[in-house]
Amino acid sequence: MSFEKVTFTNSQGKELDARLEFPTNQVAHSYAVFAHCFTCNKNFSAVRNISRALVNKGIAVLRFDFTGLGQSEGDFEETNFSSNVSDLIHAAKFLKDKYEAPSLLVGHSLGGAAVIFAAAQLDSVVAVATVGAPSSPSHVQHLFKSSVEEINSTGKAKVNIGGRDFTIKKDFIDDIESKPMEDVLKNMRKPFLVIHSPQDTIVGIENAKELYQYAHHPKSFVSIDKADHLLMNSEDSTYVGNVIAGWAERYLEIPKRQKLKTAHQVAVSIGNEGFTTEIVSGNHLLIADEPAGFGGNDFGPSPYDYVSSGLGACTAMTLRMYATRKNWDLQKVVVHVDHGKEHAPDSENTSTVKKIDTFKRKIEVFGNLDEKQRNRLLEIADKCPVHKTLSSEAQIITELI
């Protein structure tokens, strides 16, 4: 996974801090925006795990801190549910302007309610997924129920949520009470996934039922049995991310790639964009590329990295085979390989002699081995087949077909 730290401005001109994560071995086929839970932030564990599960399926994910939270600018007490929705719309605009408009919105808890309202205003969004979301934004009032009277009478109150103090204003309450979730969902008409735990004690399972009833088909419900509201168990949040990714594939525009086939030992294919190369070797699919500094996407090892890998793998296998045959206590082998161009050690005039390909190999062996056994393994390393190929004359016969 690769990522970029980015910022974008909200409707008030405040900079919101964000992290945009990309798949490691391919160009993202879709973009998503993640909305975190009430008073949480973009680095909350469930947010990270769900996002990374999506990234692993080829979806780039933008997760950000709502105004006044995390590392974003602004004052939390001046925000409300409507400002959260606005932040989401500005996040989508940022992606559209700089990368690609998001086609998927994912929200956790109150963030789930916010993505429903945002999706209704974003034409690019084709699918919406919520996790532990309330069926009404006003549900969040139970977190500061004891202070509602004070807020209504004085205009604001300091409340403690999750061990932290926040100031909630009357405007916040008025705003969440004015948001008709049922009407918005009935009019959204986009594929909708509801994920909820029957054991959720913060946002009860009845909320999932109501969300599901409000929405039109295609709609889906997945129960994450035994999970808590905040998905503190990493296995739960990773599972949720995988479920969302699998579900969304039916609705996202994922380019269909023709599978590379060959009757030969290896086949290699490259298109007309960049250096990313597909490799098929038997039943194995691999990717080769060049580093970004050489104009590539760095989605995979370079061709010379593969050559070095072949030398390292063959060396390790050869030592393993020899030690097993000798019944030696070789527990582990680690081979380090570097490749470059250097003058031969016996070159007399380095200014006129061409440099040659040089592989530097360092071998670590672990186990109950004496010095004689270790030295013998070093000798055996030079007998590995790839070593012999690289150090002897070879021929390459090429034809067009």
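A quick note: this is a predicted structure, and the numbers were derived from the prediction, not measured.

Criteria and cut-off values
- Along each chain, the written sequence defines residue order, and numbers are assigned to residues from 1.
- Local features in this predicted model are restricted to residues of pLDDT 70 or higher, and side-chain atom pairs are both shown and tallied only at a pLDDT of 80 or more, whereas totals for entire chains, interfaces and linings draw on every residue.
- Only heavy atoms go into the side-chain values, all of them from the structure, while hydrogens and water stay out.
- Segments assigned H or I by DSSP are reported as helices when at least four residues long, segments assigned E as strands when at least two residues long, and all are numbered from the N terminus.
- Both definitions apply: the radius of gyration is a C-alpha atom measure, and the globule rule equals 2.2 Å times residues to the power 0.38.
- Burial classes: relative accessible area under 20% of the type maximum marks a residue as buried, over 50% as exposed, and values in between as partly exposed (1.4 Å probe, protein chains only).
- Working rule for contacts: check all heavy atoms of both residues, and any pair within 4.5 Å makes them a contact.
- For the accessible areas, the method is Shrake-Rupley and the probe is 1.4 Å, while residue cover comes only from the protein chains on display.
- Working note: the arc is built from the helix axis to C-beta atom directions.
- Within 3.5 Å is the distance limit for a polar contact, defined as a pair of N or O atoms, with the added protein rule that one can donate a hydrogen and the other accept it, and that residues adjacent in sequence qualify only through two side-chain atoms.
- Here a strand pair is declared whenever DSSP counts at least two bridges between the two strands.
- In this analysis a 1.4 Å probe is tested at points of a 1 Å grid over the protein atoms alone, and where it fits but cannot get out there is a cavity; an open set with protein on both sides within 12 Å along at least five of seven lines is a pocket; lining residues have an atom within 4 Å of a point.
- Grid points are joined across faces, edges and corners, and a volume is the space filled by probe spheres set on the points.
- Stacked, tilted and edge-to-face are the three classes applied to pairs of Phe, Tyr and Trp rings, where Trp contributes its six-membered ring and a pair requires centres within 6.5 Å; stacked means planes under 30 degrees apart, edge-to-face means over 60, and tilted covers the rest.
- Our definition puts a charge over a ring when NZ of Lys or CZ of Arg is within 6 Å of the ring centre and also within 35 degrees of the ring normal.
- Every axis in this analysis is a line fitted to C-alpha atoms, fitted for helices over the stretch in contact. Angles between the N-to-C directions lie between 0 and 180 degrees.
- Crossings are classed by handedness, with left-handed meaning an anticlockwise turn of the near helix from the far one by less than a right angle and right-handed meaning a clockwise turn.
- Amino acid classes used here: Ala, Val, Leu, Ile, Met, Phe, Trp, Tyr, Cys and Pro are nonpolar; Asp, Glu, Lys and Arg are charged; the rest, including Gly, are polar.
- Surface patches are defined over residues having more than 30% relative accessible area and no salt bridge, joining like charges when they lie within 9 Å and nonpolar side chains (Val, Leu, Ile, Met, Phe, Trp, Tyr) when within 5 Å.
- By salt bridge we mean one thing: a side-chain nitrogen of Lys or Arg within 4 Å of a carboxyl oxygen of Asp or Glu.
- Two cysteine sulfur atoms make up a disulfide if the distance between them is within 2.5 Å.

A. Main features of the overall build of the protein. The number of helices and strands found in the protein is 11 helices and 15 strands. Expected size for 401 residues packed as a compact globule is a radius of gyration near 21 Å; at 28 Å, the protein overshoots this value by more than 25%. The burial tally for the protein puts 45% of its 401 residues in the buried class. Looking at the protein alone, contacts between residues at least 24 apart form 62% of all its contacts between residues at least 6 apart. About 22300 Å² of surface is accessible on the protein, with carbon and sulfur atoms providing 48% of the total.

B. Just helix α10 (residues 371-381), in detail. Among all positions in α10, only Gln373, Leu377, Ile380 and Ala381 are buried. Buried residues of α10, seen end-on, are gathered within an arc of 105° and therefore sit on one face of the element. Structural note: α10 exposes Glu371, Lys372 and Leu378 on the side pointing more than 90 degrees away from its buried face. Along its buried surface, α10 packs onto α9 (303-326), β14 (330-342), β15 (356-367) and α11 (385-390). By the N-cap criterion, in which a side-chain oxygen at the helix start approaches the backbone nitrogen of a residue two or three places on, α10 is capped by aspartate 370, the distance to lysine 372 being 3.1 Å.

C. The arrangement of the pairing of strand β11 (residues 266-270) in detail. Note that β11 and strand β12 (residues 277-281) share 5 bridges and pair antiparallel. Within β12, the residue paired with alanine 267 across the bridge is valine 280. Hairpin geometry of β11 and β12 is characterised by an intervening segment of 6 residues between the two adjacent antiparallel strands and by a positive phi of about 70° at glycine 274.

D. Structural view of empty space enclosed by the protein. Scanning the entire structure with this criterion turns up 1 cavity of 30 Å³ or more. Estimates place the volume of the largest cavity at around 80 Å³. Around the largest cavity sit 14 residues that line it, and Phe38, Thr39, Phe66, Leu69 and Asn84 are the ones nearest its centre.

E. Summary view of the packing of aromatic side chains. Applying the stated criterion across every chain yields a total of 14 aromatic pairs. Pairing phenylalanine 22 with tyrosine 31 gives two aromatic rings, centres 6.4 Å apart and planes at 85°, and the pair type is edge-to-face. Each of the two residues, phenylalanine 22 as well as tyrosine 31, counts as buried. Each member of the aromatic cluster is reached from another via a ring pair, and the members are Phe8, Phe22, Tyr31, Phe64, Phe66, Phe94 and Tyr99. Between the NZ or CZ atom of arginine 19 and the centre of the ring of phenylalanine 3, over which it lies, the distance is 3.6 Å. Lying across the ring of phenylalanine 366, lysine 332 places its NZ or CZ 5.8 Å from the centre.

F. Fine view of the sheet that holds β12. Strand order in the open sheet formed by 3 strands is β11-β12-β13, and the pairing between neighbours is antiparallel. Looking at strand neighbours, the two that pair on one side only are β11 and β13 (284-288), the edges of this open sheet. Put simply, the sheet's adjacent strands are angled 20° from each other on average, direction ignored.

G. Focus on the packing of helix α2 (residues 81-98) against helix α3 (residues 110-119). Axis separation between α2 and α3 bottoms out at 9 Å; the angle between their running directions is 65°. Here the hand of the crossing between α2 and α3 comes out right-handed. Each of Phe81, Val85, Leu88 and Ile89 in α2 lies in contact with α3, whose residues at this interface are Leu110, Ala113, Ala114, Val115, Phe117 and Ala118. Across the contact of α2 with α3, the residue classes break down as 10 nonpolar, no polar and no charged.

H. Main features of a nonpolar patch on the surface. Judged by side-chain polarity, Tyr304, Val307 and Leu390 come together as a nonpolar surface patch covering roughly 240 Å² of accessible area. Position of valine 307 among the secondary structure elements: in helix α9. With a relative accessible area of 31%, valine 307 lands in the partly exposed category.

I. The arrangement of the state of the cysteines in detail. For the structure shown, the criterion picks out 1 disulfide. A sulfur-sulfur separation of 1.9 Å characterises the disulfide bridge that pairs cysteine 37 with cysteine 40. Residues cysteine 37 and cysteine 40 are joined through a disulfide that is left-handed, its torsion about the S-S bond being -80°. Judged by relative accessible area, cysteine 40 falls into the buried class, the value being 10%.

J. Expanded view of the side chain of aspartate 175. Mapped onto the elements of the fold, aspartate 175 is located in helix α5 (residues 170-177). In this structure aspartate 175 touches Asn80, Phe81 and Ser82, once residues within four positions along its chain are discounted.

K. A look at the environment of isoleucine 168. As for its placement among the helices and strands, isoleucine 168 is situated in strand β8 (residues 164-169). When the C-alpha atoms of isoleucine 168 and lysine 158 are compared, they prove to be 6.3 Å apart, with 10 residues separating the residues in sequence. Filtering out sequence-adjacent residues up to four positions away, isoleucine 168 remains in contact with Phe38, Phe76, Phe144, Ile151, Gly155, Lys156, Ala157 and Val159.

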